[in-house]
Amino acid sequence: TESAAIAGSEYSADDIQILEGLTAVRKRPGMYIGSTTASGLHHLLWEIVDNAVDEHLAKFCSKIDVTVHQDNSVTVVDNGRGIPTSMHKSGIPTPQVVFTILHAGGKFGGGGYKKSGGLHGVGASVTNALSEWLEVEIYREGKIHKQKFATWVDDKGIEHVGEPVGGLEVTGNTNRTGTKVTFKPDPKVFHGHVSMSYDTLSERLQEIAFLNSGLKVNIKDERSGKADTFHYEG
Ligand SMILES: Cc1cc(C)cc(-c2cc(NC(=O)[C@H]3COCCO3)[nH]n2)c1
């Protein structure tokens, strides 16, 4: 039995989380984003924005730009230090760890969905798992680094969830720092309802700017041309 298999082996909550991987998120999305209705859709963005806000709290980021594209993909860019691009001790690039390893979301590992603002900066892999694709671009140490992830079903019917498409590549030089993430919510997860609401985004982004004085938050909707800037003096 499963208990016999686990008895005598040092399974920790972390091991089980890593074992379950992102496929578990696709199986029970509600555990990670609350629901697969509109509120769950917007949580994909809040998980990413949370990370950029953390970088502002660490005093390295002063600006976050959010853009909704015509195809309902969304881009978040910050001017923080940029996710480290070094190799993680596990032998995979740090950005790949951030987007493909399910991190302990609560005090007992996994922790399940939290009603408060998401999983506090550890939910980026959840956004990846529930997207058709996700791309990260990092501006750090004078270089532009890029890695892509995708979810697809192979010719044997196996679903590959949020897996890297290639490695972390240097694609150019830059004199800025920061992290840019673009992701496309998967219609298969959200029953076709993948169109984010401008009003929902702008209201919450205004709140985020108000709660983090000094942080400038820009939103641009390429579907309608609407745009707004929120900035409460630091
Ligand atoms: C938009 C977005 C999305 C994600 C998943 C992370 C981030 C992010 C992550 C960081 N900074 C870091 O991860 C590093 C910077 O180097 C020290 C430890 O924290 N800045 N911005 C931004």
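Shown above is the structure to which this text applies.
Residues numbered from 1 in each chain as written. Predicted model: local features only at pLDDT ≥ 70, side-chain atom pairs only at ≥ 80, totals over all residues. Heavy atoms only, no water.

**Q** I tried to follow the packing of aromatic side chains on my own but got confused; where do I start?
**A** Pairs of aromatic rings are described using the distance from one ring centre to the other and the angle between the two planes. Counting across every chain of the model gives two aromatic pairs. When the ring of Phe 99 is compared with that of Phe 149, the centres are 5.7 Å apart and the planes differ by 40°; the resulting orientation is tilted. Residue Phe 99 is found in helix H6 (residues 94–100), and its partner Phe 149 is found in strand S4 (residues 143–153); the two are separated by 50 residues along the sequence. In terms of burial, Phe 99 and Phe 149 fall into one category: buried. Measuring from ring centre to ring centre gives 5.2 Å for Phe 210 and Tyr 232, while their planes differ by 85°; the resulting arrangement is edge-to-face. Of this pair, Phe 210 sits in helix H8 (residues 198–211) while Tyr 232 is found in the segment after strand S8 (227–231), placing the two residues 22 residues apart along the sequence. Look at Phe 210 and you get exposed, because its relative accessible area is 56%. For Arg 81, the ring lying beneath its charged end belongs to Phe 60, and the centroid distance is 3.8 Å. (Phe/Tyr/Trp six-rings, centres within 6.5 Å; stacked < 30°, edge-to-face > 60°. Helix = DSSP H or I, 4+ residues; strand = E, 2+ residues; numbered from the N terminus. Buried < 20%, exposed > 50% of the residue type's maximum accessible area, 1.4 Å probe, protein only. Lys NZ or Arg CZ within 6 Å of the ring centre and 35° of its normal.)

**Q** What am I meant to see in the site of the ligand here?
**A** Around the ligand sit 14 residues, and of these Asn 51, Glu 55, Asp 78, Arg 81 and Gly 82 come closest. Within the side chain of Asp 78, an N or O atom sits 2.6 Å from a nitrogen atom of the ligand. Burial of the ligand by the protein chains amounts to 81% of its free accessible area of 500 Å². Secondary structure elements with two or more residues in the shell around the ligand: helix H5 (38–57), strand S2 (74–78) and strand S6 (178–185). Of all the elements, H5 adds the most residues to the shell around the ligand, at three residues. Considering only residue class, the shell around the ligand consists of seven nonpolar, three polar and four charged. (Near = heavy atom within 4 Å. Polar contact = N/O pair within 3.5 Å; in protein donor to acceptor, adjacent residues only side chain to side chain. Areas by Shrake-Rupley, 256 points an atom, 1.4 Å probe, with all protein chains shown as cover. Nonpolar A, V, L, I, M, F, W, Y, C, P; charged D, E, K, R; others polar.)

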